[in-house]
Amino acid sequence: MSRIGRMPIAVPAGVTVDIAENNKVTVKGPKGTLERTLPTEMEIRMEGAEIVVSRPNDLKRMKSLHGLTRTLINNMVVGVTNGYEKKLEVNGVGYRAAKSGKKLTLSLGYSHPVEMEDPEGIETVVEGQNVIIVKGIDKEKVGQFAAEIRDKRRPEPYKGKGIKYADETIRRKVGKTGKK
């Protein structure tokens, strides 16, 4: 059995979960509402204040969908209660981030400033000039937008300049040495 798929999902107080036909799951909580259509092969049911996901048989595909379905529902429940956030750091001389309204402006050593608009349901906060925090209730969207920001200037291995995640370590390389 799937160890993750077997675990029930506890629904905290103030969160309502609605399971419609075709496994369309809607989760409402203090931070907002998320909905997602999950694989129809899985059986999702409420048992008191818990959600239980079960699979019809032990085919390889069903085993992999079992854990996935449970994790997706759990991420939705955590999202509407606590929300998600990713922290990015901008490193480099003259590299900085600024925020005006819904627009994030990045100076990354290009001839032009890079401007990015906050997508629906995602909020970016700039702390100081070099820390960007991406917040939202949808884990997938938060991670995707953080990755898009990082892609504007990935960290390079020689000086470590670029945009990196706060918990990311950059493998440094030794530069070339001069000939004598």
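Residues numbered from 1 in each chain as written. Predicted model: local features only at pLDDT ≥ 70, side-chain atom pairs only at ≥ 80, totals over all residues. Heavy atoms only, no water.

Draft legend 1. Spatial organisation of the overall build of the protein. Summing up its helical and strand segments, the protein has three helices and 13 strands in all. Its C-alpha atoms give the protein a radius of gyration of 21 Å, more than 25% over the compact-globule value 16 Å for 180 residues. Its C-alpha atoms give the protein principal-axis dimensions of roughly 70 × 45 × 25 Å. Considering only residue pairs separated by 6 or more positions, the protein has 50% of its internal contacts joining residues 24 or more positions apart. Only carbon and sulfur atoms are counted for the fraction: they give 49% of the accessible area of the protein, which is about 11,200 Å². Computed over 34 positive and 23 negative side-chain charges, the inter-centroid distance for the protein is 11 Å. (Helix = DSSP H or I, 4+ residues; strand = E, 2+ residues; numbered from the N terminus. Rg over C-alpha atoms; globule rule 2.2 N^0.38 Å. Contact = heavy atoms within 4.5 Å. Areas by Shrake-Rupley, 256 points an atom, 1.4 Å probe, with all protein chains shown as cover. Lys, Arg positive; Asp, Glu negative; His and termini not counted. Charge placed at Lys NZ, Arg CZ, Asp CG, Glu CD.)

Draft legend 2. Summary view of the pairing of strand S6 (residues 50-54). Extensive coverage of S6 is indicated by the burial of four of its five residues. Bridge analysis of strand S1 (residues 9-10) against S6 gives two bridges, and the strand direction is antiparallel. What sits directly across from Ala10, in S6, is Glu50. Relative to S6, strand S5 (residues 43-47) runs antiparallel, the two sharing five bridges. (Buried < 20%, exposed > 50% of the residue type's maximum accessible area, 1.4 Å probe, protein only. Pairing = 2+ DSSP bridges.)

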